[in-house]
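Summary of structural features
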Amino acid sequence: MRKLTFFFLLGALLFSGCGSLSNNKKKKPTPANAKKEEAKLEESSDVDFQAFIGRLRGAVQARDFNSIASMMTTDFAYLMGSTAEQDRKGEGVFQYWDENGLWPELEGILSEKFVKKEDFMVAPPQFANPAVEYDGYRVGIRRVGGSWKFVYFVNG
């Protein structure tokens, strides 16, 4: 009786440690799974971009000029293609936004999803789609010297 119990327990131990064959098989990658994994990797590698956008959104909402200025390039573009004026870059951007009531527009565009267009991350996503002739306000951000910088907020 002891031998029978011993063999029974030994068999149970061996079979419980093996696991089922279906659990040991690796999942075959499907195109959908591969895209999901790629998106996860892309998201995790852009943690610094997401942090930058979060800081920029907060600074714009608070109208923190010093913080926003530190996130901009020195040649920040804020008016392009005007018939009466040359393209405007650099200083004067905050005054221009105040005079034209553009703070709510900027907040709205910054709340949009950012997508890659050439070497920029842009919002709204319609701007990056060549099939859409988007001519509204848009934001461009890119890496400059290893850091993300706010490069433009223009219309047209």
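Position numbers for residues start from 1 in each chain and track the written sequence from start to end. Where totals are concerned, whole chains, interfaces and linings use all residues; where local detail is concerned, this predicted model gives features only for residues with pLDDT of at least 70, and gives and counts side-chain atom pairs only at 80 or more. In computing side-chain values, all of the structure's heavy atoms are included and hydrogens and water are not.

1. Section: helix α4 (residues 47-62)
Worth spelling out the cut-off: We count a stretch as a helix when DSSP gives it H or I for four or more residues in a row; a strand needs E for two or more, and each element gets its number in order from the N terminus. Expected helix span is computed as 1.5 Å times (number of residues minus one). Partly exposed residues are those whose accessible area sits between 20% and 50% of the maximum for their type, while under 20% is buried and over 50% is exposed, using a 1.4 Å probe and protein chains only. Here, the arc refers to the directions that run from the helix axis to the C-beta atoms.
Over its 16 residues, α4 extends 23 Å from the first C-alpha to the last, a length consistent with the 22 Å expected when each residue adds 1.5 Å. Among the residues making up α4, those that are buried are Phe49, Phe52, Ile53, Leu56, Ala59 and Val60. Viewed end-on, α4 has its buried residues packed into an arc of 130°, placing them on one side of the element. Along α4, exposed side chains directed more than 90 degrees from the buried face belong to Val47, Gln61 and Ala62. A positive backbone phi angle near 55° is found at arginine 63, which sits one or two residues after α4.

2. Regarding the packing of aromatic side chains
The way to describe two aromatic rings as a pair is by their centre distance and the angle between their planes. Put simply, the rule reads: Pairs were defined over the aromatic rings of Phe, Tyr and Trp, the Trp ring being its six-membered one, requiring ring centres within 6.5 Å. Orientation was assigned from the angle between planes: stacked under 30 degrees, edge-to-face over 60, tilted for the rest. Each ring is checked for a lysine NZ or an arginine CZ that lies within 6 Å of its centre and within 35 degrees of its normal; such an atom marks a charge sitting over the ring.
Within the structure shown, the criterion is met by 14 aromatic pairs. With a centroid separation of 5.9 Å and an interplanar angle of 80°, the aromatic rings of phenylalanine 76 and tryptophan 97 are classed as edge-to-face. Here the residue phenylalanine 76 occupies a position in strand β1 (residues 72-79), and tryptophan 97 occupies one in helix α6 (residues 93-99), the gap between them amounting to 21 residues. Using a relative accessible area of 1% as the deciding quantity, one classes phenylalanine 76 as buried. Between phenylalanine 94 and tryptophan 97, the aromatic rings sit 5.7 Å apart at their centres with planes inclined by 80°, giving edge-to-face as the arrangement. One end of the pair is phenylalanine 94 and the other is tryptophan 97, both in helix α6 and three residues apart, which spans about a single turn. One aromatic cluster in this structure is built from Phe65, Phe76, Phe94, Trp97, Trp103, Tyr137, Phe150 and Phe153. Above the face of the phenylalanine 127 ring, lysine 117 is positioned so that its terminal group lies 3.8 Å from the ring centre.

3. Quick word on the pairing of strand β6 (residues 147-154)
Keep this limit in mind: A strand pair is defined by DSSP finding two or more bridges across the two strands.
Among the eight residues that make up β6, six are buried, leaving the element largely enclosed by the rest of the structure. One ladder, built from two bridges, connects β1 with β6; its direction is parallel. Its bridge partner being in β6, alanine 77 is matched across the sheet by tyrosine 152. Direction of pairing for strand β5 (residues 138-144) relative to β6: antiparallel, over a ladder of seven bridges. Bridging from a neighbouring strand, arginine 142 pairs with lysine 149 of β6.

4. What about helix α7 (residues 103-110)?
Because each turn of an α-helix spans 3.6 residues, side chains separated by three or four positions in sequence point in the same direction. Going by this rule: The criterion used for residue contact is that any of the two residues' heavy atoms lie within 4.5 Å.
Among the residues of α7, Trp103, Leu106, Ile109 and Leu110 are the ones counted as buried. Along α7, the residues classed as buried sweep out an arc of 125° about the axis, all on the same side. On its buried face, α7 is in contact with α4, α5 (65-71), α6, β4 (120-123), β5 and β6.

5. Points about the packing of α4 against α7
Worth spelling out the cut-off: With axes taken as lines fitted to C-alpha atoms, and helix axes fitted only over the stretch in contact, angles between N-to-C directions fall between 0 and 180 degrees. Each angle receives one of four descriptions, namely roughly parallel if under 35 degrees, roughly antiparallel if over 145, roughly perpendicular if within 65 to 115, and oblique otherwise. Working rule for handedness: look at the near helix, and if it is turned counterclockwise from the far one by less than a right angle, call the crossing left-handed; if clockwise, right-handed. Under the scheme applied here, ten amino acids are nonpolar (Ala, Val, Leu, Ile, Met, Phe, Trp, Tyr, Cys and Pro), four are charged (Asp, Glu, Lys and Arg), and all others, including Gly, are polar.
Between α4 and α7, the least distance of the axes is 10 Å, while the angle of their chain directions is 160°. By the angle class used here, α4 and α7 are roughly antiparallel. For the pair α4 and α7, the crossing hand works out as left-handed. In this structure, α4 contributes Leu56, Arg57, Val60 and Gln61 to the contact, and α7 contributes Trp103, Leu106, Glu107 and Leu110. Tallied by class, the residues present in the contact of α4 with α7 amount to five nonpolar, one polar and two charged.

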